[in-house]
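Residues per chain, in single letters:
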Amino acid sequence: MQHLVRKNILELAPYASARHEFEGEADVFLDANENPFDTGFNRYPDPLQHEVKTVLSSIKNVPIENIFLGNGSDEAIDLLIRIFCEPRKDHILILPPTYGMYKVSASISDVAIKAVPLTPDFQPDVAATLAASDAHSKLLFLCTPNNPTGNSFERGRVEEFLQQFKGIVVADEAYIDFSSQKSCTELLAQYTNLVVLQTFSKAWGLAGIRLGIAYASQEIIGYFNKVKPPYNVNVLTQKAALEALQNHEVQQKQVQDILEERKKLATALSDFPFVQHLYPSDANFLLVKIEDPNALYRHLVSQKIIVRNRSTVLLCDGCLRITIGTKAENARLLKVLKTY
Ligand SMILES: *Cc1c(COP(=O)(O)O)cnc(C)c1O
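Fair warning: this is a prediction, and the values are worked out from it, not measured in the lab.

The subject of this paragraph is the overall build of the protein. Helix and strand content of the protein: 12 helices and 11 strands. In summary, the protein has a C-alpha radius of gyration of 22 Å against a globular reference of 20 Å for 340 residues, a match within 12%. With the C-alpha coordinates aligned to their principal axes, the bounding extent of the protein is approximately 70 × 50 × 30 Å. Residue pairs in contact within the protein that sit at least 24 positions apart in sequence constitute 69% of those at least 6 positions apart. Put simply, the protein shows about 16,500 Å² of open surface, and 52% of that area lies on carbon and sulfur atoms. Here the protein carries 35 positive and 39 negative side-chain charges, and the mean point of each set is 6 Å from the other.

If you want it as structure tokens, here you go:
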């Protein structure tokens, strides 16, 4: 693992915050220059978010030592690039069509991108991807279920990468709670080059609090903690996340409702003559191929309904991506589609 990590990160002496230096029981805290008057938020947050991780650990069945929490998955993606990729020397591998942040994050760090398109049925081309990689390929981003296509990658292909790719395999599972497939977290014990990303932004209904999760070997979690800003997850976010985790059944019910709506919406959509193809979805959205996607997009906008126009994206010719809404929202979408 060490040979994959940037030298400056290996040698980095991380910032030692007051909350980090003293861990234990005490009554009087005069160590962090905080305002002593209780506003509810006058104290710095727990830098390692023990409470949130404890509950998350039991729900997801991953030991606390293998969990990192960040300011959205986007922070975890950025930190991975900064930990492993030497600017202008190393690169990341992405498999388009895929989530846009991998490329943006790499570009901000002046790290190059190698793109190997998915096959026409939206699966990774393992041989082509491995052929495109070399000693400078530090990170391979696998988005599964994939955004914007909605499908999951075959587990066999993911494992081929884990066995043969020489860098770190990042499985971005932002949509895993909507999926019929199992999480890659169950492979963590077997593969030390695996990082699994999840988020509170989708199934947990907490996009506004900005909380993302990375599961990985203890060694990789150590690098995350070394590089992250000391108080990267604020008190309000930790509180909201803890509350949601402690009421897990609320999330489970919402996911069930969304899955039911996904099924209903898919059936209804496939009846419209302008719907040319409906792709199977393991996520909380549907990718739909439309005869004239721009015209339909404009019609929906005129009726104050916004979907994502993906019609210019590689392999997604003519496609709109539609998030599953509430029952009422989906009914309104269908009503508007009938007037098109
Ligand atoms: C929505 C999404 C995320 C979530 O990012 P956050 O920063 O946690 O909100 C991550 N990956 C993919 C593929 C997504 O679609």
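What follows continues from the structure just given.
Before going further, it helps to examine the site of the ligand. If you check the shell around the ligand, you find 13 residues, and the closest are Y175, T199, S201, K202 and R210. With respect to the ligand, the side chain of D172 contributes an N or O atom lying 2.7 Å from a nitrogen atom. Side-chain polar atom of T199 to an oxygen atom of the ligand: 2.6 Å apart, as the coordinates give it. Within the complex, the protein chains bury 94% of what would otherwise be the 390 Å² of accessible surface of the ligand. Looking at the shell around the ligand, its residues break down into four nonpolar, five polar and four charged.

Let's shift gears to unusual backbone geometry. A cis amide bond, omega 5°, links P96 with the succeeding residue P97. Residue P145 is reached from T144 by a cis peptide bond, and omega for that bond is 0°. Topologically, P145 is positioned in the loop between β4 (137-143) and α7 (155-164). In this structure, D110 is a non-glycine residue whose phi angle is positive, near 60°. As for its position among the elements, D110 is in the loop between α5 (101-108) and β3 (112-115). Backbone geometry places L315, a non-glycine residue, at a positive phi of 70°. Positionally, L315 belongs in the loop between β10 (308-309) and β11 (319-323). Given a relative accessible area of 33%, L315 falls into the partly exposed group.

So, about the packing of aromatic side chains. Going through the model one piece at a time under the given rule, you end up with nine aromatic pairs. With centroids separated by 4.4 Å and ring planes inclined at 15°, the aromatic side chains of Y102 and F141 adopt a geometry described as stacked. Of this pair, Y102 sits in helix α5 while F141 is found in strand β4, placing the two residues 39 residues apart along the sequence. The exposure class assigned to Y102 is buried, which follows from its relative accessible area of 0%. Aromatic ring contacts, followed pair by pair, group Y99, Y102 and F141 into a single cluster. Over the aromatic face of F285 sits the side chain of R321, whose NZ or CZ is 5.5 Å from the ring centroid.

How each quantity is defined
- Residues numbered from 1 in each chain as written.
- Predicted model: local features only at pLDDT ≥ 70, side-chain atom pairs only at ≥ 80, totals over all residues.
- Heavy atoms only, no water.
- Helix = DSSP H or I, 4+ residues; strand = E, 2+ residues; numbered from the N terminus.
- Rg over C-alpha atoms; globule rule 2.2 N^0.38 Å.
- Contact = heavy atoms within 4.5 Å.
- Areas by Shrake-Rupley, 256 points an atom, 1.4 Å probe, with all protein chains shown as cover.
- Lys, Arg positive; Asp, Glu negative; His and termini not counted.
- Charge placed at Lys NZ, Arg CZ, Asp CG, Glu CD.
- Near = heavy atom within 4 Å.
- Polar contact = N/O pair within 3.5 Å; in protein donor to acceptor, adjacent residues only side chain to side chain.
- Nonpolar A, V, L, I, M, F, W, Y, C, P; charged D, E, K, R; others polar.
- Buried < 20%, exposed > 50% of the residue type's maximum accessible area, 1.4 Å probe, protein only.
- Phe/Tyr/Trp six-rings, centres within 6.5 Å; stacked < 30°, edge-to-face > 60°.
- Lys NZ or Arg CZ within 6 Å of the ring centre and 35° of its normal.

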